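# Notes for the structure review
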Amino acid sequence: MTIVTRFAPSPTGGLHIGSGRTALFNYLFAKRYNGKFLLRIEDTDQARSKKEFEDIIIESMHWLGLHQDDEIYYQLARAERHKEIAHKLVEIGKAYFCYESQEEIAKLREEAIGKGEHFLFKSPWRDGNKPGPEGVKPVIRIKAPREDQTVLQDLVQGEVVVQNDHLDDMILLRSDGTPTYMLAVVVDDHDMKVTHVIRGDDHLNNTFRQLLIYKAMGWDIPKFAHIPLIHGSDGAKLSKRHGALSVLEYKEMGILPEALNNYLLRLGWSHGNDEIISMEQAIEWFNIENIGRAAAKFDMQKLLNLNAHYIKESSNERLITLIEENVGNIEPKYKERLLKGLDSLKVRAKTLIDLTDTSKFYLTDDIIITSEALNKFDDSKASLLKQIYELLNNIVNWELTNIQVKVNEFLEANSLKMGQFGEVVRIAVTGSTNSPSVFEIITILGKEEALRRIKNLLDK
Ligand code: GLU
């Protein structure tokens, strides 16, 4: 049997990180078993569905490396097929035309609630062959069993039981002939030969209603795995106030896709004590048994730590390409400098934005000196920098260890500390108070440029 999973987003917004994790789990499970990972756009809510959201969702998935197999399925385009199944169910006696108006049902509901009763609509058209009233367009309702119970062996939640008298005769086809979401999902999953439905546990209730359709049609029922939702660090359901919600916002924050994947994977799934898990390894190891049952708590610090790790592991060539996405094309002469300096910069960066910011002094010769740095630069520091200028100007062999030797001699002779040298040179050549070793930086910049920057500051 080929394992087939699917990700079924509604294009009514971007890709939420919780949905990103659902997509990731479906992808990993399919790949682990050499199966297929399908994408279905659930665009039946025509008022809220937008092409731009669909594009964003696909862009986000592909950025994460979650490429779907086969063509993309569109739910709306399959409406005729959904309709056909609704009529088929009527034909085989598992569904019926119901003529009760929405107003009448609302009235009955209110009455029941008034009496403190649980309301379950019982249609007068369910059993008899009563002809419908003239001119009224019926809906098609499923004939839900009234006795017994429905048991779901969920791969994450375990056994979940619902009493059948809690399941109503839900609508499959509206009076305007459009299929309901409940019907569409089941028909699509069946036609797409989906073997495992992995989705958020907010869909658990829907599953019981969807099972009615599988059973009525006599179709094979896929396995279900309802995964806990992601919560914020305070335990409440993840929302805007906890921070960024969409996958692309994380991209814009300078998170690498492999860091987000690794983070989302570990959020609610474990493999011993492993924290750093590559995509290849995840495909090898992923299983449903190790998905936790408790809601996962989002922890930005952990994500940043993973991101720092993956930035450190990235090749300098790749990082330059990513920095260029932020600042535009980098001229060859600056690129060459950056390439030499990146090893020291990338070990300090938590995000690509950090990395871009801290790389800036290699990317231009017109550095901007931060006000924080300028405030630290008083007269006594200026006179020290003047001396350093003379010292550096006299160095002929502009090579790292030689510069170090000459600077050390100077510091010793003047009873100065390395920190004093570093501070003023750093302000002059990087414009900030925080950077990798200034020896490395002035070596990479070259004598002429390093001295020019020092002079610039002295002239201020
Ligand atoms: N379209 C549904 C959603 O975005 C998913 C339905 C499903 O996975 O079955 O929540």
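Use the structure listed above.
Keep in mind that what you see is a predicted model, and the values were worked out from it rather than measured.

## Remarks on the overall build of the protein
A tally of helices and strands in the protein yields 19 helices and twelve strands. What you see for the protein is a C-alpha radius of gyration of 32 Å, clearly larger than the 23 Å of a compact globule of 460 residues, by over 25%. Each of the three principal axes of the protein carries a C-alpha extent, and together these read 105 × 45 × 40 Å. Per-residue burial for the protein yields a buried fraction of 49% across its 460 residues. Only carbon and sulfur atoms are counted for the fraction: they give 49% of the accessible area of the protein, which is about 22600 Å². The distance from the centre of the 59 positive side-chain charges to the centre of the 68 negative ones in the protein is 1 Å.

## A few points about the environment of Leu 28
The residue Leu 28 is located in helix 1 (residues 17-32) in this model. For Leu 28, a relative accessible area of 0% translates into the label buried. The spacing of Leu 28 and Leu 66 is 38 residues in sequence and 8.9 Å in space, taken between C-alpha atoms. Not counting residues within four places of it along the chain, the set of residues in contact with Leu 28 comprises Leu 265, Met 279, Ala 282, Ile 283 and Phe 286.

## Some details on the site of the ligand
By nearness alone, every residue bordering the ligand is listed as Arg 6, Ala 8, Ser 10, Glu 42, Tyr 181, Arg 199 and His 203. At 2.7 Å, a side-chain N or O of Arg 6 approaches an oxygen atom of the ligand. Take Arg 199: an N or O atom from its side chain is 2.6 Å from an oxygen atom of the ligand. The fraction of the free accessible surface of the ligand (300 Å²) that becomes covered by protein chains is 78%. For the shell around the ligand, the class distribution of residues is two nonpolar, two polar and three charged.

## Quick notes on helix 3 (residues 79-91)
Given a rise of 1.5 Å per residue, 13 residues ought to cover 18 Å, and the 18 Å separating the end C-alpha atoms of helix 3 matches this to within 8%. Residues His 82, Ile 85, Ala 86, Leu 89 and Val 90 constitute the buried set of helix 3. Axial view of helix 3: buried residues confined to an arc of 145°, hence all on one face. What points out from helix 3, more than 90 degrees from its buried face, is the exposed set Glu 80 and Glu 91. Here the buried face of helix 3 lies against strand 4 (95-98), strand 5 (139-142), strand 8 (171-173), helix 5 (181-191) and helix 6 (204-217). Gly 93, located one to two residues past helix 3, shows a positive phi value of around 80°.

Conventions adopted
- Residues numbered from 1 in each chain as written.
- Predicted model: local features only at pLDDT ≥ 70, side-chain atom pairs only at ≥ 80, totals over all residues.
- Heavy atoms only, no water.
- Helix = DSSP H or I, 4+ residues; strand = E, 2+ residues; numbered from the N terminus.
- Rg over C-alpha atoms; globule rule 2.2 N^0.38 Å.
- Buried < 20%, exposed > 50% of the residue type's maximum accessible area, 1.4 Å probe, protein only.
- Areas by Shrake-Rupley, 256 points an atom, 1.4 Å probe, with all protein chains shown as cover.
- Lys, Arg positive; Asp, Glu negative; His and termini not counted.
- Charge placed at Lys NZ, Arg CZ, Asp CG, Glu CD.
- Contact = heavy atoms within 4.5 Å.
- Near = heavy atom within 4 Å.
- Polar contact = N/O pair within 3.5 Å; in protein donor to acceptor, adjacent residues only side chain to side chain.
- Nonpolar A, V, L, I, M, F, W, Y, C, P; charged D, E, K, R; others polar.
- Expected span 1.5 Å × (residues − 1).
- Arc of directions from axis to C-beta.

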